[in-house]
Amino acid sequence: ALPLIFEGELTERLRLDVQEVAGRFSFAGYVANIGDMPLRAAWLSVDGGNSGLFTLPPAATVQVPCIIRGLLLEPVEESAVYQVSLS
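Before going into details, it helps to say that this report is about the structure given with it. Only a predicted model underlies this, so the values are computations on that prediction, with no experimental measurement involved.

1. Some remarks on the packing of aromatic side chains
Logical step 1: In the structure shown here, the tally under the stated rule is 1 aromatic pair.
Logical step 2: On the numbers, 5.7 Å between centres and 40° between planes, the contact of tryptophan 43 with phenylalanine 54 is tilted. Remark: phenylalanine 54 occurs in strand E5 (residues 54–56) and tryptophan 43 occurs in strand E4 (residues 39–44); sequence separation between them is 11 residues.
Logical step 3: Judged by its relative accessible area of 10%, tryptophan 43 falls in the buried class.
Logical step 4: Residue classification places phenylalanine 54 among the partly exposed positions, given a relative accessible area of 23%.

2. Details of the pattern of salt bridges
Logical step 1: Tallied over the entire structure, the rule returns 4 salt bridges.
Logical step 2: As a salt-bridge pair, arginine 13 and glutamate 74 come within 2.9 Å of each other at their nearest N and O atoms. With a gap of 61 residues between them, arginine 13 in the loop between strand E1 (4–10) and strand E2 (14–17) and glutamate 74 in strand E7 (residues 70–75) connect regions that are remote in the sequence.
Logical step 3: Judged by relative accessible area, which is 47%, arginine 13 ranks as partly exposed.
Logical step 4: Here arginine 40 and glutamate 74 are joined by a salt bridge, their closest N and O atoms 3.4 Å apart. Here arginine 40, found in strand E4, pairs with glutamate 74, found in strand E7; they are 34 residues apart in sequence, far enough to count as distant.
Logical step 5: When salt bridges with common partners are traced through the structure, they connect Arg13, Arg40 and Glu74 into a single cluster.

3. Description of the side chain of asparagine 33
Logical step 1: Of note, asparagine 33 is situated in strand E3 (residues 29–33).
Logical step 2: Within the structure, asparagine 33 has its side chain in polar contact with the backbone oxygen of leucine 56 (distance 3.0 Å).
Logical step 3: Apart from residues lying up to four places away in sequence, asparagine 33 is in contact with Pro38, Leu39, Leu56, Pro57, Pro58, Ala59, Ala60 and Val81.

4. Section: the nonpolar core
Soluble globular proteins tend to bury their nonpolar side chains together.
Logical step 1: The biggest cluster of nonpolar side chains holds 19 residues, and the ones touching the most others in it are Val31, Leu39, Leu71, Leu73, Tyr82, Val84 and Leu86.
Logical step 2: Counting residues per element, this core draws most heavily on strand E8 (residues 80–86), at 4 residues.
Logical step 3: Among all residues touching tyrosine 82, those that are not within four sequence positions of it are Phe6, Glu7, Gly8, Glu9, Leu10, Leu14, Ala32, Ile34, Leu39 and Leu73.

About the cut-offs
- Residues numbered from 1 in each chain as written.
- Predicted model: local features only at pLDDT ≥ 70, side-chain atom pairs only at ≥ 80, totals over all residues.
- Heavy atoms only, no water.
- Phe/Tyr/Trp six-rings, centres within 6.5 Å; stacked < 30°, edge-to-face > 60°.
- Helix = DSSP H or I, 4+ residues; strand = E, 2+ residues; numbered from the N terminus.
- Buried < 20%, exposed > 50% of the residue type's maximum accessible area, 1.4 Å probe, protein only.
- Salt bridge = Lys/Arg side-chain N within 4 Å of Asp/Glu carboxyl O.
- Polar contact = N/O pair within 3.5 Å; in protein donor to acceptor, adjacent residues only side chain to side chain.
- Contact = heavy atoms within 4.5 Å.
- Core = buried A, V, L, I, M, F, W, Y, C linked by side-chain atoms within 4.5 Å.

Below, the structure is given as structure tokens:
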């Protein structure tokens, strides 16, 4: 399957659910902070739980660590810019 790519500016919490969008789970990919402000992210597990929020400083990228359903993203301050690729 082709990767799903999302990119945009956050001003509030965003839930990206691969299961809802593409009917499958994701096993590879990344989340990147491509802006100047930090953002928080959490992996959504296949059973509906989440990993807990972690912070990505500007210019940071984190690889998908396992099979996930999707992720949560939120700005630490007023806004943040993200890019996500999920396979």
